[in-house]
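One letter stands for each residue in the lines below.
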Amino acid sequence: MATLLDGRRLAAEIERRLGAVISDGLEVAGRAPGLAVLRIGDDPASGVYVANKEKACDRVGIRSHGGHLAADTPAGEVLALIRRLNADPTVDGILLQLPLPQGLAEEPLLAAIDPDKDADGLHTLNLGRLLKGERGPRSCTPAGVMALLRCADVPISGAQAVVVGRSILVGKPMALMLQAADATVTVAHSRTHHLWEVTRQADLLVVAAGRPQLIGAVHVKPGAVVVDVGIHRVDGRLCGDVNYETVEPLASAITPVPGGVGPMTVAMLLVNTVVAWCHRHGLDHPLADLLP
Ligand code: NAP
């Protein structure tokens, strides 16, 4: 039976650590860390995600500077708000909740966020910092995967890792983080021939394809560690990119969906915010193990 890579449990542990870092630094900083989550429009899934992020902030003692703008807000107004948040000394992290309503271009808005307040770690400069191994906020979902693997003592150095998916959000930064941890990394995507032959090489398989249950038993080497980033609602039930029922008996460790990578993504958003707060106030922090 595979070991469960339990993201809910690890996220709760990280929240406890963050709570302690905040209470230790509060007197020197003179204020709590602040995270601004900008939601534009009324995408219902985004509403749930934003509410979860704000609840997580409350639990650890981060102040939420929420902003919910109408779907028809002009880009200039959103830009002006981002610039105000960049200049606000009580805001340490800014997150633009995606997807944006049609008609609003992501790129100029994401680029306008101060890279040192980039709680999502997706600013071009921060992706460059990851590429070069420099300090900076890390992309939340792959950083959360790395924390899950490390917490379970999954051997990464020298492992054959296969990442399915090459998005900027997940696949590409995931591959860079695994490579920085000395895995030998292959990236597969929608044009990969014979996907199963590639994925069966993996000691460590990370799947971020956005295709429900794409990966079945045929794709997995017995004993592999399988991380499922995908999340879908199919016939009213949540599932991932991996067929859990058929893959779990083969794997040595596996993430559940829900309760695997999802809670870790939120936890890493909080980590990026608290680390930015520590830097702003010259505070040491014991969180370096969470910044791959
Ligand atoms: P995305 O931008 O749609 O990228 C999907 C990637 O998978 C692309 O690189 C695509 O290849 C590749 N792909 C698609 N079909 C494939 C196939 N049949 N075989 C092999 N590769 C295939 O998606 P994303 O933003 O990376 O997200 C992936 C999934 O993770 C989604 O289900 C998303 O909801 C989920 N997600 C979860 C969390 C979380 O916190 N749990 C966070 C972020 C994302 P091409 O490049 O060739 O098109």
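Just above sits the structure.
Residues numbered from 1 in each chain as written. Predicted model: local features only at pLDDT ≥ 70, side-chain atom pairs only at ≥ 80, totals over all residues. Heavy atoms only, no water.

1. Focus on the nonpolar core
Moving on, step 1. One finds Leu149, Leu178 and Val274 to be the most contacted residues of the largest nonpolar core, which totals 58 residues.
Moving on, step 2. The leading source of residues in this core is helix α10 (residues 261–280), at 12 residues.
Moving on, step 3. Apart from the residues within four sequence positions on either side, leucine 178 is in contact with Met146, Leu149, Ile156, Ala161, Val163, Ala183, Val185, Leu204 and Val206. (Core = buried A, V, L, I, M, F, W, Y, C linked by side-chain atoms within 4.5 Å. Buried < 20%, exposed > 50% of the residue type's maximum accessible area, 1.4 Å probe, protein only. Helix = DSSP H or I, 4+ residues; strand = E, 2+ residues; numbered from the N terminus. Contact = heavy atoms within 4.5 Å.)

2. As for the sheet that holds strand β9 (residues 225–228)
Sheets are built from strands that pair by backbone hydrogen bonding, the pairs being arranged parallel or antiparallel.
Moving on, step 1. One open sheet accounts for 6 strands, arranged β1-β12-β9-β8-β6-β7; its pairing is parallel. The open sheet is flanked by β1 (3–4) and β7 (184–188), the only strands paired with a single partner.
Moving on, step 2. Here β9 runs beside strand β12 (residues 253–254); their pairing, made up of 2 bridges, is parallel. Each bridged residue has a counterpart across the sheet, and for valine 226 the counterpart in β12 is isoleucine 254. (Pairing = 2+ DSSP bridges.)

3. A closer look at the pairing of strand β6 (residues 160–164)
A regular strand places its side chains on the two faces of the sheet in alternate fashion.
Moving on, step 1. Taken across its 5 residues, β6 has 4 buried, putting it largely inside the fold.
Moving on, step 2. Pairing of β6 with β7 involves 5 bridges; the strand directions are parallel. Bridge pairing links glutamine 160 to threonine 184 in β7.
Moving on, step 3. The handedness of the β6 to β7 crossover, carried by helix α7 (residues 171–180), is right-handed.
Moving on, step 4. Alignment of β6 against strand β8 (residues 204–207), held across 4 bridges, turns out to be parallel. Bridge pairing in β8 places valine 163 opposite valine 206. (Right-handed = clockwise from strand over helix to strand, strands pointing away.)

4. Overview of the pattern of salt bridges
Moving on, step 1. For the structure shown, the criterion picks out 8 salt bridges.
Moving on, step 2. Residue glutamate 15 is joined to arginine 59 by a salt bridge in which the shortest nitrogen-to-oxygen separation is 2.8 Å. In this pair, glutamate 15 sits in helix α1 (residues 7–29) while arginine 59 sits in helix α2 (residues 44–60), placing the two residues 44 residues apart along the sequence.
Moving on, step 3. On the basis of relative accessible area, arginine 59 is assigned to the exposed category, the value being 54%.
Moving on, step 4. Look at the salt bridges and you will find they share partners, linking Arg31, Asp92 and Arg280 into a network. (Salt bridge = Lys/Arg side-chain N within 4 Å of Asp/Glu carboxyl O.)

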